[in-house]
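Remarks on the overall topology
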Amino acid sequence: MRRTGLFSAAFLVLAAGHASAAAIDLSKPYGNKSGCINKNGQQVYAEDMLLLNDTEFITATSACTFTEKKIQADGSLVVKSMCEAEGEDGQSPIQFTVKRSPKNAKKLVIADEDGTVYGEVSRCR
């Protein structure tokens, strides 16, 4: 009987993790103002551009293609990617964390593995 309770509890924890993570839906692009302007291709150049979707993260100086996404217990996403930086040859592996903004649940915060925040993005219209 105790084992059934343990399995039920484990299932509920996993389901809760998936439910909270499901709230981060990258099927539609997120970006800052200039990122959303460029969601369908380069329209304008802006040094602050941030654009995030289900397969990539793009800034004014780099483009990262996702190779793996893992949902964390807190609902955030850890994303492994290969990035090309402007002015550099080849690609480098970089890991990002995408999570809800503590200030506004409709926004996402993107940070690298050192905790450096790239910025907040909102769903593009």
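Refer to the preceding data block for the structure.
Residues numbered from 1 in each chain as written. Predicted model: local features only at pLDDT ≥ 70, side-chain atom pairs only at ≥ 80, totals over all residues. Heavy atoms only, no water.

With respect to the overall build of the protein chain
Along the backbone of the protein chain there are 2 helices and 8 strands. Counting from the amino terminus, the protein chain carries its helices and strands in the arrangement α-β-α-β-β-β-β-β-β-β. Going through the 125 residues of the protein chain one by one, you find that 34% of them count as buried. Relative to all contacts within the protein chain whose residues are 6 or more apart in sequence, the contacts with residues 24 or more apart total 29%. Working note: accessible area of the protein chain is about 8,300 Å², and carbon and sulfur atoms make up 54% of it. (Helix = DSSP H or I, 4+ residues; strand = E, 2+ residues; numbered from the N terminus. Buried < 20%, exposed > 50% of the residue type's maximum accessible area, 1.4 Å probe, protein only. Contact = heavy atoms within 4.5 Å. Areas by Shrake-Rupley, 256 points an atom, 1.4 Å probe, with all protein chains shown as cover.)

Quick word on the sheet that holds strand S2 (residues 50-52)
Spatial ordering of the closed barrel is given by S1-S2-S3-S4-S5-S6-S7-S8, a layout of 8 strands whose pairing is antiparallel. Pairing of strand S5 (residues 77-85) with strand S6 (residues 92-100), which is carried by 7 bridges, proceeds in the antiparallel orientation. The residue bridging Val79 from the neighbouring strand is Phe96, located in S6. (Pairing = 2+ DSSP bridges.)

Side note on the state of the cysteines
Inspection of the entire model under this criterion finds 2 disulfides. The disulfide partner of Cys64 is Cys83, and the S-S distance across this bridge is 2.0 Å. Looking along the S-S bond of the Cys64-Cys83 disulfide, the torsion reads about 115°, which is the right-handed sense. Of this pair, Cys64 sits in strand S4 (residues 62-71) while Cys83 sits in strand S5, placing them 19 residues apart in sequence. Comparing Cys64 with Cys83 shows no difference in burial state: the two are buried. Ordinal numbering of bonded cysteines along the protein chain defines a disulfide pattern of 1-4, 2-3. (Disulfide = S-S within 2.5 Å.)

Some remarks on the environment of Thr97
Relative to the elements of secondary structure, Thr97 occurs in strand S6. When its relative accessible area of 22% is taken as the criterion, Thr97 is described as partly exposed. It is 9.6 Å that separates the C-alpha atoms of Thr97 and Gln72, two residues lying 25 residues apart in sequence. Among residues more than four places away in sequence, those in contact with Thr97 are Ser76, Leu77, Val78, Val109, Ile110 and Ala111.

Concerning the side chain of Asn38
With respect to the helices and strands, the residue Asn38 is situated in the loop between helix H2 (33-37) and S2. We classify Asn38 as buried; its relative accessible area is 4%. When near neighbours in sequence (up to four residues on either side) are disregarded, Asn38 contacts Gln43, Val44, Met49 and Leu51.

Re the packing of aromatic side chains
A full pass over the atoms with the stated rule returns 3 aromatic pairs. An angle of 80° between the planes, with centres 5.6 Å apart, marks the rings of Phe57 and Tyr118 as edge-to-face. Taken together, the positions of Phe57 in strand S3 (residues 56-59) and Tyr118 in strand S8 (residues 117-123) put the pair 61 residues apart, joining distant regions of the chain. Given a relative accessible area of 35%, Tyr118 falls into the partly exposed group. (Phe/Tyr/Trp six-rings, centres within 6.5 Å; stacked < 30°, edge-to-face > 60°.)

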